[in-house]
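Chain and residue survey
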Amino acid sequence: PAEILAKPKHGFGLPYLSFVRTYDPLRQLACDSIETLKGRGCFRDDFLDGVVRNIRSEADSPLDEIIWDLIVLEQWLESRLGKSK
């Protein structure tokens, strides 16, 4: 139909958080990435501690939307700068 062909571009969500919460190696990578990001001093430690608690939790949280962004940020920083001290 014409309305489908003319539909504006839009994104779609991925269930990455359910993968992070249910697949142990990915959960460990996520938690390790956030812990390493803590050492960079870019974010408050208590904020990142809350992110790690959220990763280990089954409950939905407003933090759900940024967890993947923080993981990817740390992986990118590590690839450019190495591990934080």
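Now for a quick tour of the structure. Worth saying up front: this structure is predicted, and the values here are computed from it rather than measured.

1. A word on the pattern of salt bridges
As enumerated under the stated definition, the model contains 7 salt bridges in all. One continuous salt-bridge network, built from bridges that share partners, spans Glu35, Lys38 and Asp49.

2. Here we look at the nonpolar core
Residues Ile34, Val51, Ile55, Ile67 and Leu70 are the most contacted members of the largest nonpolar core, which totals 16 residues. Elements that contribute at least two residues to this core include exactly helix H2 (16–22), helix H3 (24–38), helix H4 (45–56) and helix H5 (64–81). Setting aside residues up to four positions removed in sequence, Ile55 forms contacts with Val20, Arg21, Arg27, Ala30, Cys31, Ile34 and Ile67.

3. Side note on the side chain of Asp64
Considering the arrangement of structural elements, one finds Asp64 in helix H5. A distance of 3.5 Å separates a polar atom in the side chain of Asp64 from a polar atom in the side chain of Asn54. Residues contacting Asp64, with those up to four places away along its chain left out, are Tyr16, Leu17, Arg21 and Asn54.

4. Focus: the packing of H3 against H5
Running from amino to carboxyl end, H3 crosses H5 at an angle of 65 degrees, the nearest separation of the two axes being 9 Å. Put simply, H3 runs roughly perpendicular to H5. Note that H3 runs across H5; the crossing there is left-handed. The residues of H5 that touch H3, namely those facing Leu29, Ala30, Ser33, Ile34, Thr36 and Leu37, are Leu70, Ile71, Leu73, Glu74, Gln75 and Leu77.

5. Some thoughts on the side chain of Glu74
Note on placement: Glu74 falls in helix H5. For Glu74, a relative accessible area of 0% translates into the label buried. There is a polar contact of 2.7 Å between the side chain of Glu74 and the side chain of Arg40. The contacts of Glu74, once residues within four sequence positions are left out, are Ser33, Thr36, Leu37 and Arg40.

What counts and how
- Residues numbered from 1 in each chain as written.
- Predicted model: local features only at pLDDT ≥ 70, side-chain atom pairs only at ≥ 80, totals over all residues.
- Heavy atoms only, no water.
- Salt bridge = Lys/Arg side-chain N within 4 Å of Asp/Glu carboxyl O.
- Core = buried A, V, L, I, M, F, W, Y, C linked by side-chain atoms within 4.5 Å.
- Buried < 20%, exposed > 50% of the residue type's maximum accessible area, 1.4 Å probe, protein only.
- Helix = DSSP H or I, 4+ residues; strand = E, 2+ residues; numbered from the N terminus.
- Contact = heavy atoms within 4.5 Å.
- Polar contact = N/O pair within 3.5 Å; in protein donor to acceptor, adjacent residues only side chain to side chain.
- Axes fitted to C-alpha atoms, helices over the stretch in contact; angles between N-to-C directions.
- Parallel < 35°, antiparallel > 145°, perpendicular 65-115°, else oblique.
- Left-handed = near helix turned anticlockwise from the far one by under 90°.

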